Amino acid sequence: MSTNLARIGVKAREHPDQVCTSLYHHIADIEHLRACYRLLKGNKAVGVDEVTKSMYAEDLEANLQDLSARLKRMGYRPHPKRRIDIPKPGSEQGRPLGISSFEDKIVELATQRVLEPLFEPLFDDCSYGYRPQRSPHQCLDALGRTLQQKRVNILVEADIRGFFDAVHHEWLLKFLRQRIGDERVLRLISRMLKAGIMEDGLVQVAEVGTPQGSMLSPLLLCEFARKKENPSRKRYIAPLSALSVVYFPLCTAPACGCLRNDRKLLS
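Residues numbered from 1 in each chain as written. Predicted model: local features only at pLDDT ≥ 70, side-chain atom pairs only at ≥ 80, totals over all residues. Heavy atoms only, no water.

A.B. asks: Any chance you could explain the overall build of the protein here in plain terms?
C.D. replies: A tally of regular secondary structure across the protein gives twelve helices and seven strands. The buried share of the protein, reckoned over its 267 residues, is 45%. When the accessible surface of the protein is summed, it comes to about 14,300 Å², and 49% of that surface belongs to carbon and sulfur atoms. (Helix = DSSP H or I, 4+ residues; strand = E, 2+ residues; numbered from the N terminus. Buried < 20%, exposed > 50% of the residue type's maximum accessible area, 1.4 Å probe, protein only. Areas by Shrake-Rupley, 256 points an atom, 1.4 Å probe, with all protein chains shown as cover.)

A.B. asks: I tried to follow the nonpolar core on my own but got confused; where do I start?
C.D. replies: Where a protein is soluble and globular, its nonpolar side chains tend to be buried together. In this structure, I106 and L115 are the most contacted members of the largest nonpolar core, which totals 50 residues. In terms of residue count, helix α6 (residues 102-119) provides more of this core than any other element does, nine residues in total. Look past the residues within four positions of L115 in its chain and what remains in contact with it is L23, I180, V185, I189 and L219. (Core = buried A, V, L, I, M, F, W, Y, C linked by side-chain atoms within 4.5 Å. Contact = heavy atoms within 4.5 Å.)

A.B. asks: Which parts of the structure should I look at to understand helix α9 (residues 169-177)?
C.D. replies: Along an α-helix, residues three or four positions apart point the same way, because every turn accommodates 3.6 residues. Every buried residue of α9 is accounted for by H169, L172, L173, F175 and L176. Projected onto a plane normal to the axis of α9, the buried residues spread over an arc of 160° and lie on a single side. (Arc of directions from axis to C-beta.)

A.B. asks: Help me understand helix α10 (residues 183-193) in this model?
C.D. replies: Among the eleven residues of α10, eight are classified as buried, and the element is accordingly described as predominantly covered. Listed in full, the buried residues belonging to α10 are V185, L186, L188, I189, S190, R191, M192 and L193. Among the residues of α10, the N-terminal cap falls to D182, whose side-chain oxygen and the backbone nitrogen of R184 are separated by 3.1 Å. (Polar contact = N/O pair within 3.5 Å; in protein donor to acceptor, adjacent residues only side chain to side chain.)

A.B. asks: Just checking my understanding: could you explain the pattern of salt bridges for this structure?
C.D. replies: Where charged atoms from two side chains of opposite charge come close, those side chains can pair. Enumeration according to the criterion identifies eleven salt bridges in this entry. One salt bridge in this structure joins E31 and R34, with 2.7 Å as the shortest N-O distance. On the criterion of helical spacing, the pair formed by E31 and R34 is a turn pair, its members being three residues apart in helix α3 (residues 30-39). E31 gets classed as partly exposed once you look at its relative accessible area, which sits at 47%. Overall, R34 belongs to the buried group, its relative accessible area being 11%. A salt bridge links D85 to R83, with the shortest nitrogen-to-oxygen separation between them at 3.4 Å. For R83, a relative accessible area of 34% corresponds to the partly exposed category. (Salt bridge = Lys/Arg side-chain N within 4 Å of Asp/Glu carboxyl O.)

A.B. asks: When you look at the environment of G98 in this model, what are you seeing that I'm missing?
C.D. replies: Mapped onto the secondary structure, G98 falls in strand β2 (residues 91-99). Overall, G98 belongs to the buried group, its relative accessible area being 3%. Taking the C-alpha atoms as reference points, G98 and E199, 101 residues apart in sequence, are found 9.9 Å from one another. If we ignore the near neighbours within four places in the chain, the residues touching G98 are K81, R82, I197, P211, Q212, G213 and S214.

A.B. asks: Would you mind going over the packing of α6 against α10 with me for this structure?
C.D. replies: When two helices pack together, their arrangement is captured by the angle between the axes and the distance separating the axes. Relative orientation of the contacting elements α6 and α10 amounts to 135°, with a least axis distance of 12 Å. Here α10 runs oblique to α6, going by the angle between their axes. Every pair of crossing elements has a handedness; the one defined by α6 and α10 is left-handed. Contacts between α6 and α10 pair V107, E108, T111 and L115 from the former with V185, L188, I189 and M192 from the latter. For the contact of α6 with α10, the per-class residue count stands at six nonpolar, one polar and one charged. (Axes fitted to C-alpha atoms, helices over the stretch in contact; angles between N-to-C directions. Parallel < 35°, antiparallel > 145°, perpendicular 65-115°, else oblique. Left-handed = near helix turned anticlockwise from the far one by under 90°. Nonpolar A, V, L, I, M, F, W, Y, C, P; charged D, E, K, R; others polar.)

A.B. asks: What's the story with the confidence of the model for the protein in this structure? I'm lost.
C.D. replies: Reading fine detail from the predicted coordinates is not recommended where pLDDT is low. Chain-level pLDDT for the protein is 81 on average; 80% of the residues reach the 70-or-more range. Strand β6 (residues 234-238) is the least confidently modelled element of the protein, averaging 42 in pLDDT, while helix α5 (residues 60-72) averages 98, the highest of any element. Contacts from residues 232-267, a stretch scored under 50 in pLDDT, to residues over four places away or in other chains number 95 contacts. (pLDDT = per-residue confidence, 0-100.)

A.B. asks: Help me out: how do you make sense of the environment of P117 in this one?
C.D. replies: Position of P117 relative to the elements: it lies in helix α6. P117 sits 108 residues away from G9 along the chain, and the two C-alpha atoms are 4.4 Å apart. Setting aside residues no more than four positions away along its own chain, P117 makes contact with L5, I8, G9, A12 and Q112.

A.B. asks: How should I be thinking about the environment of D182 in this particular structure?
C.D. replies: Locating D182 in the fold gives a position in the loop between α9 and α10. For D182, a relative accessible area of 4% puts it in the buried group. With near-sequence residues (within four places) excluded, D182 lies in contact with C20, T21, S22, L23 and Y24. There is a polar contact of 3.0 Å between the side chain of D182 and the backbone nitrogen of L23. Here the side chain of D182 touches R184 through a polar contact of 3.1 Å, landing on its backbone nitrogen.

Structural data, given as structure tokens:
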């Protein structure tokens, strides 16, 4: 399976504008699902079904075969996410997380591993948030070099409030469709987005938002941010708090209007 994923990455780099139409079978492949099971840690919080990795392993082969079969016939339905709140600096409410059930984590990881090589070549080199082999520390190093080596008059750091909660499903799927031509993959992602959040025994389903805590959400957010960003501005995206965006208007004359344009963009 790793060979297939590598092949997807090679084709994606060679053909950045190509729409890929045959992806879903990689997600539903039982060997890929088994590899994703092995990659998942067993000490993480459980979802609404309260199934742990050790419990899932009690009948592992049958569970994986059943999961693969449901995926192949489009009979897989993700559980609602279990909502928990973790401490958030500067906020009394905390940061809401959506905890997936263990089986849903397998499918999320399988989907993420197939799609990441497809979208990774499209992301700008100045983008650091939620990407493999990249970190906020690298973003800060690049920021320091830019400030030292270039004449920067204005530096604006913007933390997009509630970005996980505000992503519009319809627009996100439109953006993904420009790269994904396999409708089964888009249907699977749509089901994940609309699975809902369970809190106090009640399931809430919204037309916007992607759960913070889902393995697939960071990749979806990176692509959404890439399609929404203004290409005329150099920026660094990094998870410094939630999803922070740092703009660098590299002009040396404040009268040129960069600050005015960035304020309009931020609003």
